Structure formats: structure tokens, C-alpha cells
Amino acid sequence: MNAGIIGIGRYLPEKVVTNLDLEKMMDTSDEWIRTRTGIEERRIAADDIDTSDMAYFAAVKALENARISAAELDLILVATVTPDRPFPSVACMLQERLGATKAAALDISAACAGFMYGMVTAKQFIESGTYRYILVIGAEKLSKIVNWEDRNTAVLFGDGAGAVVMGPVSEGRGIVSFELGADGTGGKHLYQDEYVVMNGREVFKFAVRQMGESCIHVLEKAGLSKQDVDFLVPHQANIRIVEAARQRLELPEDKMSATVRKYGNTSAASIPISIVEELEAGKIKDDDLIIMVGFGGGLTWGAIALRWGR
Ligand code: UT7
């Protein structure tokens, strides 16, 4: 039995905050933000929309897309570093709101790599035959933990949510290989006290190295080569970081998602948000081999090679 994605959905807040808007709030410039990060604008959630709301909106779409009901879900996993509150978990809040009466529920804390951790966890339950349908969500309201007076971090992040329903898929499709990892010694480079604190240069160096390595590792584990990759969906942290991963895989520009331009870094939500974008653009098709790869605070990382389709 292979576990794969059988439905997907996303939610992005309506409010667009451009670099020009940020210029009015802090000592920064559109030019600096574009050249150093690739970001042109990001979405920021309204005061009365929290992480669980965004997760819910994305989940409803994913369930519709999967053509299953919430009552059929066996497990809900929500990757987030911005839960509404420490407990109950966002996953439990969704369990009630969706009416997923038989589902177990928990949040996953692996920062920007959280969605990769969630998908790999779901795969284990599905392929062992323990559970059939699992909702995996990446949802973040980073705007509530960003210090809007710190230009080093405030310009980078955005809010949003992406959800997938995972379940058994046809032979040859679904997750073909994965890698997860962590290095707690790097925890000091990216963490939250009251606000997000980051040593940008250290995280940058780690990200460039780890994203490339993890892409190569999942290909090796699957017995595949760079030439087999149809599309790359990296965690959308910074255009320079994702470009390095693309070059490592020797892929042309149009074979990688670069939604960081429009949505900034939405942490655990960025990979599923980007997959929806590329599906809608016709860039991901059935039987394509896609590589997803993420890294984040912890430090954590994760990559998945997946043959698209139900
Ligand atoms: O999901 C994981 C989350 N984190 C990341 O992915 C972040 C990884 N790191 C990065 O993306 C980059 O390191 C940054 C985009 C954060 C920074 O780019 P950089 O090329 O590493 O710049 P830097 O930190 O070396 O700063 C260069 C200069 C500094 O000025 P001085 O000291 O050279 O005078 C900063 O103070 O740019 C300054 N600076 C800014 N200037 C205008 C930093 N932030 C800004 C800003 N606007 N927003």
C-alpha cells in the first residue's frame, strides 16, 4: 500500500502587504527586500483570523478535493509554530469544527519543516494499514510572533495555510522516499522568545547546504537521478536559498515553485500552498515526480520524493 496525496486545499488571507507598505513602517526598502529575499509582497491575516481558522478553511477545501467526509478521517496532524494557544492543539480545535468524530489529533512542532514531518508520519500509519485517511496541515499566523520593529525578520514572513488529505493511492504513485533530520546544536540560530529571533546568515548557510543534500538523498534512496525530477517544491524561505536547491538539481527555472515572491515565508504552510499554486498553473501533473524539501528552526529538515496522483 502506497501513501499519497488524495486531496489538497489552501487558504491565504486577503490582505496584501507590499514592500512599499513596509518601507513606511521600518527602515527598509523594496530594493533591499527584493534583491536579498525575492519577496515582493505577503499576506497578513486579519485580527479575528487565527491559525486554526486558516487551517480550517484549507482543510475544508482539501476534504472536498479528496471527496471524503471529515467523519472518515482517522488522524489530524497540524504542523505549526503559531497555534492559537499552547493547548488544546489546533488539531483538536479542527477535530471539533470539522466534525471529524473518529479522528485522533495532535500538533507537530518542527517549524518550517513541520509539513514534511507531518506527511512522513502520516505515511507510516497509512502504509502499515493502521489508518486510512489522514489530514495533514501546515498553518501559520507568523504575523503575531514577528517583531514589526525588527527589519531583520519582519520583512520575511507571511500568514497562510495549506492542507492535504493523505490516503492509499495507486501502485507507483505516492511517497517513494523521504528523509527527516534534526540538529539541535543549531537551535540558537532561529527561535522564539517573545518574538522570532534569527541569525540570518547562519540559517542561510545551513539552508543552502541542507536543502541540496536532502534533495540528492531522497533521489538516491529511491534509486532515481536528477534527470527524473519533474518539479521541485522547496520551502519558500528566500529566493536565493531555493535557487541554490534548483541549481543543485540542475532544473530549469520553470520546474521550481517560487511563490515566496507573492506570499513570503509562511513556514510550515509554504509547501502545500505552493503545490496548490502549481497545480492550478498546470505545472504539476499526474505521474510527475515531485521533490518537496524544507528546513527550519530546531534546526530541522525534511524532504520527500512523491509520484503525483491518486
Ligand atoms: O524558514 C526559515 C527562516 N529563515 C530563513 O530562511 C532566513 C535565512 N536567511 C536569509 O534569508 C538572509 O540571511 C536574510 C534575507 C535574512 C538576510 O540577507 P543577508 O544577505 O544575509 O543580509 P545580512 O543579514 O548579512 O545583512 C546585510 C545588511 C546588514 O547591514 P550592515 O550590517 O551590512 O550595514 C543588515 O542590517 O542588510 C541590513 N538589513 C536590512 N536592510 C534593509 C537587514 N535587514 C534589512 C532590511 N532592510 N529588511
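Just so we're clear, the structure is a prediction, and the values are computed from it rather than from any experiment. (Residues numbered from 1 in each chain as written. Predicted model: local features only at pLDDT ≥ 70, side-chain atom pairs only at ≥ 80, totals over all residues. Heavy atoms only, no water.)

*Asks:* Now, about the overall build of the protein: what can you tell me, with residues and values included?
*Replies:* Scanning the protein from terminus to terminus reveals 10 helices and 13 strands. For the protein, the C-alpha radius of gyration of 18 Å lies close to 19 Å, the compact-globule estimate for 310 residues. Taking the principal axes of the C-alpha coordinates as reference, the protein spans close to 55 × 45 × 40 Å. Buried positions account for 58% of the 310 residues belonging to the protein. Across the protein, every contact between residues at least 6 apart in sequence was considered, and the portion connecting residues at least 24 apart equals 76%. Separation of charge centres in the protein, based on 34 positive and 43 negative side chains, amounts to 3 Å. (Helix = DSSP H or I, 4+ residues; strand = E, 2+ residues; numbered from the N terminus. Rg over C-alpha atoms; globule rule 2.2 N^0.38 Å. Buried < 20%, exposed > 50% of the residue type's maximum accessible area, 1.4 Å probe, protein only. Contact = heavy atoms within 4.5 Å. Lys, Arg positive; Asp, Glu negative; His and termini not counted. Charge placed at Lys NZ, Arg CZ, Asp CG, Glu CD.)

*Asks:* Describe helix α7 (residues 200-222), with residues and values.
*Replies:* Taking 1.5 Å per residue as the helical rise, α7 with its 23 residues ought to reach 33 Å, and the 33 Å between its terminal C-alpha atoms agrees with that figure. Of the residues making up α7, those classed as buried are Val203, Phe206, Ala207, Gln210, Met211, Gly212, Ser214, Cys215, Ile216, Val218 and Leu219. After α7 finishes, the residue glycine 223 shows a positive phi value of roughly 70°. (Expected span 1.5 Å × (residues − 1).)

*Asks:* Now, about the sheet that holds strand β12 (residues 289-296): what can you tell me, with residues and values included?
*Replies:* Strand order in the open sheet formed by four strands is β8-β13-β12-β11, and the pairing between neighbours is mixed. Bordering the open sheet on either side are β8 (174-182) and β11 (231-234), each of which pairs with just one other strand. When the angles between neighbouring strand axes are averaged without regard to direction, this sheet yields 10°. In this structure, β12 lies alongside strand β13 (residues 300-307), joined through eight bridges in antiparallel fashion. Looking at β13, one finds that valine 293 is bridged to alanine 303. (Pairing = 2+ DSSP bridges. Axes fitted to C-alpha atoms, helices over the stretch in contact; angles between N-to-C directions.)

*Asks:* An account of the domain arrangement of the protein is requested, with residue identities and associated values reported.
*Replies:* Taken domain by domain, the protein holds domain 1 (2-168) and domain 2 (174-307). At the interface, 49 residues of domain 1 touch 45 residues of domain 2. At the boundary of domain 1 with domain 2, total buried surface from both sides reaches about 3,700 Å², with 69% on carbon and sulfur atoms. Contact with domain 2 buries surface across domain 1, with Arg10, Cys112 and Met116 losing the most and accounting together for 19% of the total. Linking domain 1 with domain 2 are two salt bridges. A salt bridge links glutamate 277 to arginine 10, with the shortest nitrogen-to-oxygen separation between them at 2.7 Å. (Domains from an automatic or database assignment. Buried area = accessible area lost by both parts, 1.4 Å probe. Salt bridge = Lys/Arg side-chain N within 4 Å of Asp/Glu carboxyl O.)

*Asks:* So what's going on with unusual backbone geometry? Which residues, and what values?
*Replies:* Look at the link from phenylalanine 87 to proline 88: it is a cis peptide, with omega at 0°. The omega torsion of the bond from glycine 298 to leucine 299 falls at -10°, within 30 degrees of zero and hence cis. Note that leucine 299 resides in the loop between β12 and β13. Even without a glycine there, the phi angle at alanine 111 is positive, about 50°. Inspection of the secondary structure assignment puts alanine 111 in the loop between β5 (104-108) and α5 (114-127).

*Asks:* So what's going on with the side chain of aspartate 30? Which residues, and what values?
*Replies:* Assignment of secondary structure puts aspartate 30 in helix α2 (residues 30-37). On the basis of relative accessible area, aspartate 30 is assigned to the buried category, the value being 18%.

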